[in-house]
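For reference, the chains in residue letters:
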Amino acid sequence: MVTVYRPDTLEQALDKLAVGEHTLFSGGTDLMVRHSARPGITPDFKHDVVFLDAIEELQHITPIELESDLGTEAGLQSGLCQSGLCIGAGVSLHDIEINPLVPDVLRQSVANIAAPALRNRATMAGNICNASPAADSLPALYLLDAKLVLSSIHGQREMPIANFITGPGRTCLHQGEVLTHVVIPKADLPVTFYHKVGTRAANALTKLSVAGLAKVEQGKVVDWRVAFGAVGPTVVRSTVLEQKIIGQPVEMLREPLFIENILSGYSKVICPIDDQRSTAQYRHRASLNLLERWLTQLA
Ligand SMILES: Cc1cc2nc3c(=O)[nH]c(=O)nc-3n(C[C@H](O)[C@H](O)[C@H](O)COP(=O)(O)OP(=O)(O)OC[C@H]3O[C@@H](n4cnc5c(N)ncnc54)[C@H](O)[C@@H]3O)c2cc1C
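Only a predicted model underlies this, so the values are computations on that prediction, with no experimental measurement involved.

Read across the sheet, three strands follow the order β1-β3-β2 without closing on themselves; strand pairing throughout is parallel. Where the open sheet ends on each side, the last strands, each with one partner, are β1 (4–5) and β2 (22–25). Inspection of the sheet shows β2 paired to strand β3 (residues 48–51) by four bridges, in the parallel sense. Along β3, the bridge assignment pairs His22 with Asp48. Sitting on the sheet, helix α1 (residues 10–17) touches β1, β2 and β3, and the angle it makes with β2 is about 155 degrees.

Before going further, it helps to examine the site of the ligand. Around the ligand, the surrounding shell holds 33 residues, and the nearest of these are Leu24, Thr29, Asp30, Thr123 and Asp136. Relative to its free-state accessible area of 1000 Å², the ligand is covered by the protein chains to the extent of 87%. Elements that contribute at least two residues to the shell around the ligand include exactly β2, α2 (31–34), α7 (124–130) and β10 (178–187). With five residues, the single largest contributor to the shell around the ligand is α7. Grouping the constituent residues of the shell around the ligand by class yields 20 nonpolar, nine polar and four charged.

Turning our attention to the sheet that holds strand β13 (residues 220–229). Taken in spatial order, the three strands of this open sheet run β11-β12-β13, and their pairing is antiparallel. Bordering the open sheet on either side are β11 (191–197) and β13, each of which pairs with just one other strand. Neighbour-to-neighbour, the strand axes of this sheet turn through a mean angle of 10 degrees, independent of strand direction. Pairing analysis gives seven bridges linking β11 to strand β12 (residues 208–217), with the strands arranged antiparallel. When the sheet's bridge partners are listed, Phe193 is paired in β12 with Gly212. Strand contacts of helix α12 (residues 280–298): β11, β12 and β13, with the helix running at about 160 degrees to β11, the strand carrying the most contacts.

In this section: the pattern of salt bridges. Under the definition given, this model contains 13 salt bridges. One network of salt bridges, with partners in common, ties together Asp145, Asp223, Arg225, Arg237 and Glu242.

Let's shift gears to the confidence of the model for the protein chain. In the predicted model, the protein chain carries a mean pLDDT of 93, and the fraction of residues at 70 or more is 94%. The low-confidence segment residues 69–81, where pLDDT is below 50, has 18 contacts with residues more than four positions distant or belonging to other chains.

Bringing the packing of aromatic side chains into the picture now. Inspection of the entire model under this criterion finds six aromatic pairs. For the pair Trp224 and Tyr266, a centre-to-centre distance of 6.5 Å together with 65 degrees between the ring planes defines the contact as edge-to-face. Of the two residues, Trp224 sits in strand β13 while Tyr266 sits in helix α11 (residues 256–269), which places them 42 residues apart along the sequence. Just as Trp224 is buried, Tyr266 falls in that class too. Connected via pairs of aromatic rings, a cluster forms that spans Phe193, Trp224, Phe228, Tyr266 and Trp294.

For Ser151, the position within the fold is in strand β6 (residues 147–152). Each C-alpha atom, one on Ser151 and one on Asn120, is 25 Å from the other, the two residues being 31 residues apart in sequence. Not counting residues within four places of it along the chain, the set of residues in contact with Ser151 comprises Leu14, Gln156, Gly176, Glu177, Val178 and Thr180. A polar contact of 3.2 Å, which involves the side chain of Ser151, links it to the side chain of Thr180.

Here we take up the nonpolar core. If you look at the biggest cluster of nonpolar residues, it comprises 41 residues, and the most contacted ones within it are Ile87, Leu106, Ile128 and Leu141. Per element, the largest residue contribution to this core is five residues, and it comes from helix α8 (residues 138–143). Not counting residues up to four positions away in its chain, the partners in contact with Ile87 are His60, Ile61, Ile96, Val102, Leu106, Met124, Thr180, His181, Val182 and Ile184. Counting 28 residues, the second-largest nonpolar core is a separate cluster that includes Phe193, Ile245, Ile259 and Leu295.

Looking now at the domain arrangement of the protein chain. Split into domains, the protein chain comes out as domain 1 (4–56), domain 2 (58–186) and domain 3 (191–298). With 18 residues of domain 1 at the interface, the matching set in domain 2 holds 18 residues. Summed over both partners, the interface of domain 1 with domain 2 buries about 1500 Å², with 57% contributed by carbon and sulfur atoms. Considering only the surface of domain 1 that becomes buried against domain 2, Leu14, Thr29 and Glu56 emerge as the three largest contributors, covering 29% of it.

Parameters at a glance
Residues numbered from 1 in each chain as written. Predicted model: local features only at pLDDT ≥ 70, side-chain atom pairs only at ≥ 80, totals over all residues. Heavy atoms only, no water. Pairing = 2+ DSSP bridges. Helix = DSSP H or I, 4+ residues; strand = E, 2+ residues; numbered from the N terminus. Contact = heavy atoms within 4.5 Å. Axes fitted to C-alpha atoms, helices over the stretch in contact; angles between N-to-C directions. Near = heavy atom within 4 Å. Areas by Shrake-Rupley, 256 points an atom, 1.4 Å probe, with all protein chains shown as cover. Nonpolar A, V, L, I, M, F, W, Y, C, P; charged D, E, K, R; others polar. Salt bridge = Lys/Arg side-chain N within 4 Å of Asp/Glu carboxyl O. pLDDT = per-residue confidence, 0-100. Phe/Tyr/Trp six-rings, centres within 6.5 Å; stacked < 30°, edge-to-face > 60°. Buried < 20%, exposed > 50% of the residue type's maximum accessible area, 1.4 Å probe, protein only. Polar contact = N/O pair within 3.5 Å; in protein donor to acceptor, adjacent residues only side chain to side chain. Core = buried A, V, L, I, M, F, W, Y, C linked by side-chain atoms within 4.5 Å. Domains from an automatic or database assignment. Buried area = accessible area lost by both parts, 1.4 Å probe.

The following block contains the structure:
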């Protein structure tokens, strides 16, 4: 038999997690499916369960001043300002979706997850830690260079989301640790692209998704990013290929040869699989079509 804990503070949760193995439970929308043999049967958890939903410290979305080197020349060139947003791990997807401080690309991604009832319960922390290749918040978080704050009884560490997720269902989270906050450096990237391909418009799991951010100034692309979901073991983002577009005049995005060259580069890094939701061939083709749409939208 497992024991269930519902701490009121992070300190209580970390004390509990310091001894033995536990299952962390936020909204439970992934866990209840994973641990239920079939509908109507009580879920079968192997370890004691720690509910995180009563921890007040994790329920806020707060603007912050970042201490890192975002004021350096490199930081300024990439459009970063010396501020960001801190999203607590207990914030529901719904509260992220409706918060005007959250970048549009992330709000759109989250608004495309499942249906309202689920978004009222589920968290972005759960979406991240579940580490599904099809998790809808991830492409936007990769684009925004999100950082994750991981806490344990021994202290805190921070890491970029791209380092945290190591494969389908796999992360760098250590035993005794909990994801407490997602930090999004503020970025001046006003042009947004987001498209999720599913079987229907709402309440559908992702066949593939494409998210983009850009800034165009005086006819020149000063920043450009794209990330793909569900077309590889983790999110696909190539900063090397992005450099081919950054610095180009926008007219270049009307040149068929230039576009072809970019599509050919991405064709090699997108490596989807066949599964029950779609085929590798469809995912590959549709990703490149959406990439072309994103590029030509700026022209
Ligand atoms: C009907 C249905 C439709 C869905 N549709 C979509 C969809 O369209 N797009 C999509 O991306 N997902 C979808 N999902 C999956 C799921 O709802 C999301 O991944 C959701 O964001 C998970 O959040 P949660 O809070 O419920 O996570 P939980 O189920 O509570 O946890 C998920 C995993 O993360 C771990 N975890 C949770 N919180 C923390 C933390 N703070 N620190 C460390 N580890 C933690 C848990 O231990 C578990 O391993 C769907 C699920 C269902 C049942």
